[in-house]
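# Residue-level structural notes
If you want the building blocks of each chain, they are given just below.
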Protein chains: 2
Amino acid sequence: MARPPTARAKALSAFTQILVTSGERAATLDAVAKAAGISKGGLLYHFGSKEELNEGLVAHLRELIRADIERMNTDPEGAVAYLLRTSAAFESDFENVYIAVAALAQSGDTQAAEVLQEADDAWFKSVATEVKDDAVARAVVLLSDGIYAHAAVQRGPTGHDVDELQELIKQLLATRKQQEQ
Amino acid sequence: MARPPTARAKALSAFTQILVTSGERAATLDAVAKAAGISKGGLLYHFGSKEELNEGLVAHLRELIRADIERMNTDPEGAVAYLLRTSAAFESDFENVYIAVAALAQSGDTQAAEVLQEADDAWFKSVATEVKDDAVARAVVLLSDGIYAHAAVQRGPTGHDVDELQELIKQLLATRKQQEQ
DNA sequence: GTCTATACCCAGATAGAC
DNA sequence: GTCTATCTGGGTATAGAC
């Protein structure tokens, strides 16, 4: 798992790309192998079956979530800004893999559905720690999910105005803090 | 189109149910026919191909959107309340068909993706008319999309606290109205 | 209008050479 | 570790009876 042979990584990358741009139906072993520049046999050497390929991508996302949370917690603008910004802008691999796994989840893969929930839970935790308002944190994660859902359907980054959303969140937090006192 | 023979309606209903509960992969002609209590041949009489079946569901959603917008615009609690409430609670057929079409969209169906965008646009229009604040309207639709995305992945209604969200929106609108003056 | 039977095709998986 | 060739199963579609 630590330093995977390049063919394996290329396969995962190609699989991701096809899932994002063409959907789950198009992501056949043939298509993945071709896009990765290897043969179907070679692909099946690294992933013994289609299910293992799915699991491989799910496991990959699980790793990326850890790294994403790390970046989120250390972002100079804060967790809310990071989450909304990356949802809309595809700053790293993470966003593509997330969308790809979402496609798997909708096609019937239950492990894919589970890891998406894990991402949401981790996001909520980070955001809640920052804003100290669980209701707002839930809303922020929901907004992020909405942006991702859009990207998944439109097959690419969305034009959502993140600054506008951040401003709304800021205003909301200020209002609620005031009322609390 | 006006008074479809029951077999057609049953097929569409079964197709919807399988898509929602088991994903696109499971929604084969065999499975749909069986769930609808008809034979594959009978199913193919009403829908000449799998693609036509997809199109049939997309067209059905397009009709339901009109009815949904109608209910939204006349809801005693208002459009925002209606949208958030129905996203989380599956009040009518609409929500199930919406999730089903979302599954088609993720699997690669472009017409399905288009009609989902139409729904979002129509929702935005209704909400924006009510709240008279485009930024907030966009956020509300995004929240709704987030809730739907959750439901799609979890394969059923979500436990999101709609009252909590509505309260947030209310506070936000009040704050922004005040600042405007 | 709905059925059964069957043909066709392609995605997934296996075998074995290199 | 990667290839080509081949087999199998199942999903889609057609033919034709009732």
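What you see is a predicted model, and the numbers here were worked out from it, not measured in a lab.

Each value, and the rule that gives it
Residues numbered from 1 in each chain as written. Chains lettered and ligands numbered in written order. Predicted model: local features only at pLDDT ≥ 70, side-chain atom pairs only at ≥ 80, totals over all residues. Heavy atoms only, no water. Near = heavy atom within 4 Å. Polar contact = N/O pair within 3.5 Å; in protein donor to acceptor, adjacent residues only side chain to side chain. Helix = DSSP H or I, 4+ residues; strand = E, 2+ residues; numbered from the N terminus. Nonpolar A, V, L, I, M, F, W, Y, C, P; charged D, E, K, R; others polar. Least-squares fit on C-alpha atoms with pLDDT ≥ 70 in both. Phe/Tyr/Trp six-rings, centres within 6.5 Å; stacked < 30°, edge-to-face > 60°. Buried < 20%, exposed > 50% of the residue type's maximum accessible area, 1.4 Å probe, protein only. Contact = heavy atoms within 4.5 Å. Buried area = accessible area lost by both parts, 1.4 Å probe. Salt bridge = Lys/Arg side-chain N within 4 Å of Asp/Glu carboxyl O.

Near DNA strand C there are 14 residues, and of these L29(A), K50(A), S39(B), Y45(B) and H46(B) occur at the shortest range. Counted by atom, the contact set of DNA strand C within 4 Å of the protein is 65% sugar and phosphate. Separating a phosphate oxygen of DNA strand C from a backbone N or O atom of K50(A) is a distance of 2.7 Å. S39(B) is positioned such that a nitrogen or oxygen atom in its side chain is 2.6 Å from a phosphate oxygen of DNA strand C. Mapped by element, the contributors of at least two residues to the surface near DNA strand C are α3 (40-46) of chain A together with α3 (40-46) of chain B. Among the elements that line the surface near DNA strand C, the one with the most residues is α3(B), at 4 residues. Partitioned by chemical class, the residues of the surface near DNA strand C number 5 nonpolar, 6 polar and 3 charged.

This paragraph deals with the protein's contact with DNA strand D. Contacts to DNA strand D come from 14 residues, most closely from S39(A), H46(A), L29(B), K40(B) and K50(B). Interatomic distance of 2.4 Å between a side-chain N/O atom of H46(A) and a phosphate oxygen of DNA strand D. Separating a phosphate oxygen of DNA strand D from a backbone N or O atom of L29(B) is a distance of 2.8 Å. Looking at the surface near DNA strand D, the elements with two or more residues in it are α3 of chain A together with α2 (29-36) and α3 of chain B. The biggest single contributor to the surface near DNA strand D is α3(A), with 4 residues.

This part is about the relation of the copies chain B and chain A. Take chain B, turn it by 180 degrees, move it 0.0 Å along the axis, and it overlays chain A with an RMSD of 0.0 Å. The superposition operator between the copies reduces to a two-fold rotation axis. The position closest to the rotation axis in chain B is occupied by the C-alpha of G146(B), lying 1.9 Å away.

Inspection of the entire model under this criterion finds 10 aromatic pairs over all chains. Arranged with centres 6.1 Å apart and planes meeting at 40 degrees, the rings of F94(A) and Y98(A) form a pair that is tilted. You can see F94(A) and its partner Y98(A) sitting in helix α6 (residues 93-107), 4 residues apart, about one turn around the helix. With 4.3 Å between their ring centres and 40 degrees between their planes, Y98(B) and Y148(B) make a pair best called tilted. Of this pair, Y98(B) sits in helix α6 (residues 93-107) while Y148(B) sits in helix α8 (residues 134-154), placing them 50 residues apart in sequence. Note on accessibility: Y98(B) and Y148(B) belong to one class, buried.

Turning next to the environment of S144(B). All names here are of chain B. Inspection of the secondary structure assignment puts S144 in helix α8. A relative accessible area of 0% places S144 in the buried class. Once the C-alpha coordinates of S144 and I38 are considered, the two residues, 106 residues apart in sequence, prove to be 36 Å apart. Those residues in contact with S144 that lie beyond four places of it in its chain are L83, L84, S87 and W123.

For the rest of this paragraph, the subject is the interface of chain B and chain A. Many structure descriptions define interface size as the accessible area lost when the parts assemble. Contacts between the two partners involve 39 residues from chain B and, on the opposite side, 40 residues from chain A. Surface buried jointly by chain B and chain A totals about 3,300 Å² across both partners, of which 55% is contributed by carbon and sulfur atoms. Between chain B and chain A we count 4 salt bridges in total. A salt bridge links E164(A) to R138(B); the shortest N-O distance between them is 2.9 Å. The interface formed by chain B and chain A includes 20 residue pairs in polar contact (both at pLDDT 80 or more). At the level of elements, α6, α7 (110-131), α8 and α9 (162-180) of chain B are the ones that each hand at least two residues to the side of chain B that touches chain A. Of the residues forming the side of chain B that touches chain A, the biggest block, 14 residues, is contributed by α8(B). Along the lines of polarity and charge, the residues of the side of chain B that touches chain A split into 17 nonpolar, 13 polar and 9 charged.

Without other data, these values stay purely geometric and don't point to any function.
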